[in-house]
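Chain by chain, the residues run as shown.
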Amino acid sequence: MLETTIAAIRPLDEPAMAAARELQGRLTKPAGSLGALEELSVRLAGLAGACPPPLPEPAAVAIFAGDHGVHAQGVTPWPQEVTAQMIGNFLAGGAVVNAFARQAGATVTVVDVGVATPVPAAPASDAGAPRLVAANVRAGTRDLAVTAALTREEARAAVETGIRVAGDLIDAGAGILLTGDMGIGNTTPAAALIAAFTGVDPAETTGRGTGVDDPTYQRKIGVVRDALRRHRPDPADPLGVLAAVGGLEHAALAGLVLGAAARRTPVLLDGVIAVSAALAAAAFAPAATGAMVAGHRSAEPGATVALRRLGLDPLIDLGLRLGEGTGALLALPVVTGAVRVLHEVATFDSAGVAEK
């Protein structure tokens, strides 16, 4: 599945992009007056191979959840059980991501790809309520400070879970996918992944996650640096990098991006977990970046490092660091607006407006 998905990913369609640029130049507004939205609409036309591209709706958030053996190194003060507890909160509709999803009219799918403790059953509810997908590859990763977090087979299974979820959501009608994540301790493997794929020092890719104190922060940087020295992951081997220092949710998110890119469907990236996974997706298939839209700039420093490497500019910057998909949901109306302009704004000719 992984290889066939990668083989299906193609570069953006240049004729469609040229048509979108030409149309932008004929709309009733000064050229370039919509700033980054204009180039976003052009990229989305290139992804769809059509001008104008389809409106990116309906939206579907996929929250991949997993636990991490590196939790044993004291990189976070939060107990590991919170991962499963927050899944219960997602399914009950009580998390921030649920509030933002209701506002945006997006569906929420929670995927247990590697939670270590029992996950609450989804409550009986209407068809539009959050749903749970059971796809647990293993009960949390191994401790990356001691050994490889995953085997190559486990990493592949997680990536292919993400590919399947992308296909299922698109087959159900989703016009855009939004990345979400949940996993206590998951900013540590994210920092390791970003350092591995970019070559940037761990001190620049590691942030405070849920807000750790100074001693814990220094310990976290040390754990990331030591893990990279121990495993020496090769950025040309993305599956090996994910296995050595990644998480199951990171691997699954990489698969989600690949699956969406293969189906020419945009993926709106959330925070540092998503962009660390996006680096892996780009290592598997460089053309996959054409499907990526950076929703926001996470307060985690590694996110900026990753976005720079991916060549993506975030749509909003609000100092967010929650994860779950919250930043992506807040950016969703911006993406929809960029495309709606191509569909609905009159040209100078059609409106009878004089050009300069």
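Residues numbered from 1 in each chain as written. Predicted model: local features only at pLDDT ≥ 70, side-chain atom pairs only at ≥ 80, totals over all residues. Heavy atoms only, no water.

*Asks:* For this particular structure, what's the right way to read the environment of V82?
*Replies:* Relative to the assigned elements, V82 resides in helix α4 (residues 82–92). Here the alpha-carbon distance between V82 and D67, two residues 15 residues apart in the chain, equals 9.7 Å. Not counting residues up to four positions away in its chain, the partners in contact with V82 are M182 and I184. (Helix = DSSP H or I, 4+ residues; strand = E, 2+ residues; numbered from the N terminus. Contact = heavy atoms within 4.5 Å.)

*Asks:* Whenever I open this one, the sheet that holds strand β5 (residues 267–269) confuses me. Can you help?
*Replies:* Each strand in a sheet pairs with another by means of backbone hydrogen bonds, the pair being arranged parallel or else antiparallel. Pairing is parallel across the open sheet formed by six strands, whose spatial order is β3-β2-β1-β4-β5-β6. At either end of the open sheet lies a strand with only one pairing partner, and these are β3 (131–134) and β6 (292–294). Here the strands of the sheet are splayed against their neighbours by 30° on average, with no regard to which way each runs. Here strand β1 (residues 59–66) runs beside strand β2 (residues 107–114); their pairing, made up of seven bridges, is parallel. Looking at β2, one finds that V61 is bridged to V108. (Pairing = 2+ DSSP bridges. Axes fitted to C-alpha atoms, helices over the stretch in contact; angles between N-to-C directions.)

*Asks:* Explain the layout of surface pockets to me, please; I cannot follow it from the model alone.
*Replies:* Over the atoms rolls a probe the size of a water molecule, and in doing so it shows where empty space is left. Put simply, the largest pocket is a space of about 500 Å³. Lining the largest pocket are 28 residues, with M182, N186, T210, R321 and L322 positioned closest to its centre. Counted by class, the lining of the largest pocket contains ten nonpolar, twelve polar and six charged residues. Its boundaries defined by the atoms lining it, the second largest pocket holds a volume of some 250 Å³. In terms of lining residues, the second largest pocket is bounded by 14 residues, among which L40, R43, G311, L312 and D313 are the most central. Among the secondary structure elements, those contributing two or more residues to the lining of the second largest pocket are α3 (36–48) and β6. Among the elements that take part in the lining of the second largest pocket, α3 stands out by supplying four residues, more than any other. For the lining of the second largest pocket, a count of residues per class yields eight nonpolar, three polar and three charged. (1 Å grid on protein atoms, 1.4 Å probe; cavity = no way out; pocket = protein on both sides within 12 Å on 5 of 7 lines; lining within 4 Å. Points joined across faces, edges and corners; volume = space filled by probe spheres on them. Nonpolar A, V, L, I, M, F, W, Y, C, P; charged D, E, K, R; others polar.)

*Asks:* Honestly, the packing of helix α2 (residues 14–26) against α3 in this entry has me stumped. Any pointers?
*Replies:* Packed helices, taken two at a time, are described by the angle between their axes plus the distance between the axes. Running from N to C, α2 and α3 point in directions that differ by 145°, and their axes come no closer than 7 Å. For the crossing formed where α2 meets α3, the hand is right-handed. Only E38, E39, S41, V42, A45 and G46 of α3 make contact with α2, whose side of the interface consists of A16, M17, A20, R21 and Q24. For the contact of α2 with α3, the residue count by class is five nonpolar, three polar and three charged. (Left-handed = near helix turned anticlockwise from the far one by under 90°.)

*Asks:* Looking at this structure, I do not really get the pattern of salt bridges. What am I missing?
*Replies:* Any two side chains of opposite charge can pair, on the condition that their charged atoms come close. This model, assessed by the stated rule, comprises 15 salt bridges. What emerges from the salt-bridge pattern is a single network uniting E3, R156 and E160. (Salt bridge = Lys/Arg side-chain N within 4 Å of Asp/Glu carboxyl O.)

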